[in-house]
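Structural features, examined
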Amino acid sequence: MPLENKLKDFRNEKSLNQQELGALVGVSRQTISLIERGDYNPSITVCLKLAKVLGRSVEEIFTYVED
Amino acid sequence: MKKEKKSNLKFILSVIVIMICGAVVGFIASSFSIGQLIYDFFVNLQKFIDRNIYLIYIAFIVVVDLTVLVLYIGGKKKVLKDLKKDDGIIDEKYLSISMGLTSIGMIVPLILIPNFYKVILQGEFDFYKFLIVVGLFFANTVYLAFMQSVIVKFLKFYNPEKYDDVLDMKFTKKFMDTMDERELFETYKASFKAYKIMMGTIIGLIVFLTIVFVGNGGSLLPIYTLGLVFLVGSITYLVEAIKN
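About the criteria used
For every chain, the first residue of its written sequence is number 1, and the numbers climb from 1 along that sequence. Written order decides the labels, with chains lettered from A and ligands numbered from 1. A pLDDT threshold of at least 70 governs which residues receive local features in this predicted model, and a stricter bar of 80 or more applies before side-chain atom pairs are shown or counted, although totals over entire chains, interfaces and linings include all residues. Water and hydrogen atoms play no part in the side-chain values, which are based on all heavy atoms of the structure. Strands are runs of DSSP state E lasting at least two residues, helices are runs of H or I lasting at least four, and both sets are numbered from the N terminus onward. For the radius of gyration, the atoms used are the C-alpha atoms, and the globule rule reads 2.2 Å times the number of residues raised to 0.38. We call two residues contacting when some pair of their heavy atoms lies within 4.5 Å. In short, Shrake-Rupley with a 1.4 Å probe defines the accessible areas, and a residue's cover is counted only from the protein chains shown. Two parts lose some accessible area (1.4 Å probe) when they are put together, and adding that loss for both gives the buried area. For salt bridges, the criterion is a side-chain nitrogen of Lys or Arg within 4 Å of an Asp or Glu carboxyl oxygen. Between N or O atoms, a polar contact is any pair within 3.5 Å; within protein, one atom must be a potential hydrogen donor and the other a potential acceptor, and residues adjacent in sequence are included only when both atoms are from side chains. The criterion for an aromatic pair is that two Phe, Tyr or Trp rings (for Trp, the six-membered ring) have centres within 6.5 Å, with stacked assigned to planes under 30 degrees apart, edge-to-face to planes over 60 apart and tilted to the rest. Residue burial is assigned from relative accessible area. The probe radius is 1.4 Å, only protein chains are included, and a residue is buried under 20% of its type maximum, exposed over 50%, and partly exposed in between.

1. Focus on the overall build of chain B
Counting its regular elements, chain B contains 8 helices and 0 strands. For chain B, the succession of helices and strands along the chain, N to C, is α-α-α-α-α-α-α-α. Computed over its C-alpha atoms, the radius of gyration of chain B comes to 24 Å, more than 25% above the 18 Å expected for a compact globule of 244 residues. For chain B, the proportion of contacts with a sequence separation of at least 24, taken over those separated by at least 6, is 62%. Carbon and sulfur atoms provide 74% of the accessible area of chain B, an area that totals close to 17,200 Å².

Below is the structure:
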């Protein structure tokens, strides 16, 4: 998958577990886990919600890597 | 343009090759009466089922019901272990299979019921066996509905936003409304795969039953029924695809 992320690092900065972050953003804990592993690319809506909750920009959290 | 011409040529060649293969297979099959062998196989299979219907019915129910319970217990243990980690993927495989089996466990006995009716019509009616069949049918249905409720309630335990009333007639819609984007995506992906396989199976069965009909006669009703299912599936897909 061409999208890398620092979601776990920023989540830990805010002392949130996956369940809590998922509840704030409106997705399941499983989804947060899959995003952090790079196994799922979230929609722009979820990306923006994550950015808002973590106090970061979308580009800081997610990086597009060329194949 | 060149790519299009290449793929058109590939398609035409593929159709010609398939037609030639079909003709060769048909010639070989007719030489060895393979059609008759296949027909005899299904006739013998039907006779086997008729002779052993009680055993097949009871065995199926017992095996499926036990498997649902074992998978639920194993799946729950696995999920609770994964939840303690507070991080990482939750392995819901066993719970999902258990849930899927509950639906299969309810439908298959229903499919087997006409066989018992056949036994009754043939005058081999046994009142006690009849009681067992009916009793098992209802007990199995109640048990599997209960297991569905238990599995969904456990799912809600670690997904509080999920809807959990399985007895609600609108359960499927309300449950899907509580799914997030990834869960919906996975559901639609699985549904499309199932749709493709189902449609392929229906076409295969229509071809097979047509060959059997041409060779041995019988009723056209199964072919028309499958054709209707195919039509409903195709039209539903088309309507949903052009909606937006």
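Next, the rest of the story.
2. What about the interface of chain A and chain B?
Contact residues are listed per partner, giving 19 residues for chain A and 16 residues for chain B. Contact between chain A and chain B buries roughly 1,400 Å² in total, counting both sides, with carbon and sulfur atoms accounting for 41%. When the buried area of chain A at its contact with chain B is split by residue, Arg29, Gln30 and Tyr40 of chain A rank highest and sum to 44% of it. The interface formed by chain A and chain B includes 0 salt bridges. Connecting chain A to chain B are 8 residue pairs in polar contact (both at pLDDT 80 or more). For the side of chain A that touches chain B, the elements supplying multiple residues, two or more each, are α1 (7-13), α2 (18-25) and α3 (29-37) of chain A.

3. Section: the packing of aromatic side chains
Residues and elements named next belong to chain B. Overall, the coordinates contain 12 aromatic pairs over all chains when judged by the stated rule. Aromatic pair tyrosine 57 and phenylalanine 116: ring centres 5.0 Å apart, planes at 85°, arrangement edge-to-face. With tyrosine 57 in helix α3 (residues 53-84) and phenylalanine 116 in helix α4 (residues 93-121), this residue pair connects regions lying 59 residues apart in the sequence. The exposure classification of tyrosine 57 matches that of phenylalanine 116, with both residues buried. Taken together, the aromatic side chains of Phe41, Phe42 and Phe208 make up a single cluster linked through ring pairs.

4. Comments concerning the pattern of salt bridges
All names here are of chain B. If you walk through the whole model with that rule in mind, you get 14 salt bridges over all chains. Note that glutamate 183 is salt-bridged to lysine 162, the shortest N-O span being 3.0 Å. Of the two residues, glutamate 183 sits in helix α7 (residues 181-216) while lysine 162 sits in the loop between α5 (127-158) and α6 (171-177), which places them 21 residues apart along the sequence. One continuous salt-bridge network, built from bridges that share partners, spans Glu161, Lys162, Arg182 and Glu183.

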